[in-house]
Amino acid sequence: MVSFGIDEGQIDAEHRSMINLCNELCFAAATDPSQARHKLAQEDVAALLAHHFSTEERVFDDIAFPDSHLHRREHDHLRRLVSPLLSAPHETQFLGALLHARTGLVEHIIRHDLGFKSHLLHRDGR
């Protein structure tokens, strides 16, 4: 099994929560896109992202993460990926935006957050 864990409890929990939400939305959208849109409306995705990015960026500052500027720009990229999901006027556009946002989140974790893991391990003397 592939792990997206970076050995930082709160960040790992937030990653799991966001991936689970994306998976739930994709599953709901496969059977009833309006149900997925309704579930999305119940979640404050922008607030979830803002909270998570704040958590990560606070850790960046705590350990003087050398790539924090680039990583923060990638957080802005994820915000831009999610924006069409929230405003898509038609089901087809919503489904496309949902898949794009989910893929973007997973790619962000793989490309950027897992790279951050080595700095956390170093901080912890491992």
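In short, a report on the structure. (Residues numbered from 1 in each chain as written. Predicted model: local features only at pLDDT ≥ 70, side-chain atom pairs only at ≥ 80, totals over all residues. Heavy atoms only, no water.)

Okay, the nonpolar core next. By size, the foremost hydrophobic cluster in this structure holds 24 residues, and its most contacted members are L40, V45, L49, L85, F94, L98 and L105. Those elements that place two or more of their residues in this core are α1 (9-31), α2 (33-42), α3 (45-63), α4 (68-87) and α5 (91-123). Not counting the four nearest positions on each side in its chain, L40 is found in contact with L25, V45, L85, L86 and F94. Counting residues in each nonpolar core, the second largest holds eight residues, with I6, I63, F65 and F116 among its members. (Core = buried A, V, L, I, M, F, W, Y, C linked by side-chain atoms within 4.5 Å. Buried < 20%, exposed > 50% of the residue type's maximum accessible area, 1.4 Å probe, protein only. Helix = DSSP H or I, 4+ residues; strand = E, 2+ residues; numbered from the N terminus. Contact = heavy atoms within 4.5 Å.)

Of note, the phi angle at A64 is positive, near 55°, even though the residue is not glycine. Note that A64 resides in the loop between α3 and α4. In this structure A64 comes out as exposed when scored by relative accessible area, which is 60%.

Geometric descriptors of this kind do not, in isolation, establish any biological role.
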